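An overview of the molecular structure
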Amino acid sequence: MIGVGKAKQYANVLDKPLSRGRQEVSLSAFAFLFSELVQYNQTQVDNITELERRLEDAGYAVGARVLELLCHREKGNRRETRLLGILSFIHSTVWKVLFGKVADSLEKGTEHEDEYMISEKELLVNRFISVPKDMGTFNCGAFVAGIVKGVLDNAGFPAVVTAHFVPIEGQQRPRTTILIKFAEEVLHREARLG
């Protein structure tokens, strides 16, 4: 009979294969957990800049782990070595795993050669957060910017990554743009590779 028999026994937990498991997390559970992360960090800081930095740090750790997991699962332990390859990997694969869909857009900056932007009309981390008037331009997208920075740094593409609101005509909520400014060494390496 098919499917009947003894399950394979593993001597060590490290010998078990990494299963895909459930792919989704309850949206309400994520919103609650993220809200608690923001509230906790808000009690630990004095200003908005420091709060965004702490959220970015939390996201950085997530990004490093997501890169390791996806390189193992999707790419057979191989990593991207080209600039457009890693940006495409973040824009599509990483975004799809984290947010269930590909990012709205990936664009190259027009003013600077070393800038790229990933834009999202309604970023999940900003969807359920209401920012008090006294916090002004606080952007929870700093957490996602930290994830992107964690992926890039651990893949060997050092960059400064920031989250910004960009107003859209006719829309109440602005879109979130993750601005990626690569280090000069990345551009030199890319030029050498051709």
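The structure this text deals with has already been given above.
Residues numbered from 1 in each chain as written. Predicted model: local features only at pLDDT ≥ 70, side-chain atom pairs only at ≥ 80, totals over all residues. Heavy atoms only, no water.

Looking at the overall build of the chain
From N to C terminus, the chain includes six helices and four strands. Mapped from its N terminus to its C terminus, the chain presents α and β elements in the order α-α-α-β-β-α-α-β-β-α. When the 194 residues of the chain are sorted by exposure, 33% land in the buried category. The contacts of the chain with a sequence gap of at least 6 include a subset with a gap of at least 24, amounting to 59%. About 12,400 Å² of surface is accessible on the chain, with carbon and sulfur atoms providing 53% of the total. (Helix = DSSP H or I, 4+ residues; strand = E, 2+ residues; numbered from the N terminus. Buried < 20%, exposed > 50% of the residue type's maximum accessible area, 1.4 Å probe, protein only. Contact = heavy atoms within 4.5 Å. Areas by Shrake-Rupley, 256 points an atom, 1.4 Å probe, with all protein chains shown as cover.)

Structural notes on the packing of helix α2 (residues 48–75) against helix α5 (residues 141–154)
Packing of α2 against α5 leaves a shortest axis separation of 6 Å and a crossing angle of 45 degrees. Comparing the axis directions of α2 and α5 gives the class oblique. The chirality of how α2 crosses α5 is right-handed. For the pair α2 and α5, contact is made by Glu52, Leu55, Glu56, Ala58, Gly59, Tyr60, Val62, Gly63, Ala64 and Leu67 and by Ala142, Phe143, Gly146, Ile147, Lys149, Gly150, Val151, Asp153 and Asn154, respectively. A class-by-class count of the residues in the contact of α2 with α5 yields ten nonpolar, five polar and four charged. (Axes fitted to C-alpha atoms, helices over the stretch in contact; angles between N-to-C directions. Parallel < 35°, antiparallel > 145°, perpendicular 65-115°, else oblique. Left-handed = near helix turned anticlockwise from the far one by under 90°. Nonpolar A, V, L, I, M, F, W, Y, C, P; charged D, E, K, R; others polar.)

Side note on the layout of surface pockets
Taken as a whole, the second largest pocket encloses approximately 370 Å³ of empty space. Lining the second largest pocket are 18 residues, and of these Asn126, Phe165, Gln172, Arg173 and Pro174 lie nearest its centre. Tallied by class, the residues present in the lining of the second largest pocket amount to eight nonpolar, seven polar and three charged. (1 Å grid on protein atoms, 1.4 Å probe; cavity = no way out; pocket = protein on both sides within 12 Å on 5 of 7 lines; lining within 4 Å. Points joined across faces, edges and corners; volume = space filled by probe spheres on them.)

A word on empty space enclosed by the protein
Summed over all chains, the structure comprises one cavity of 30 Å³ or more. Its boundaries defined by the atoms lining it, the largest cavity holds a volume of some 30 Å³. In terms of lining residues, the largest cavity is bounded by Phe30, Ala31, Phe34, Ser35, Leu124, Val125, Phe128 and Ile129. Listing elements by their share of the lining of the largest cavity, those giving two or more residues are α1 (27–44) and α4 (124–127).

Overview of the sheet that holds strand β2 (residues 115–120)
Strand-to-strand pairing in sheets goes through backbone hydrogen bonds, with the strands running parallel or antiparallel. Ordered by their spatial adjacency, four strands build an open sheet running β1-β2-β4-β3, and the pairing between neighbours is antiparallel. The open sheet has two edge strands, β1 (105–108) and β3 (159–166), and neither has a second partner. The mean inter-strand angle of the sheet, taken between neighbouring strand axes irrespective of direction, is 20 degrees. Both β1 and β2 contribute to a ladder of four bridges, which runs antiparallel. Within β2, the position partnered with Ser105 by the bridge is Ser119. (Pairing = 2+ DSSP bridges.)

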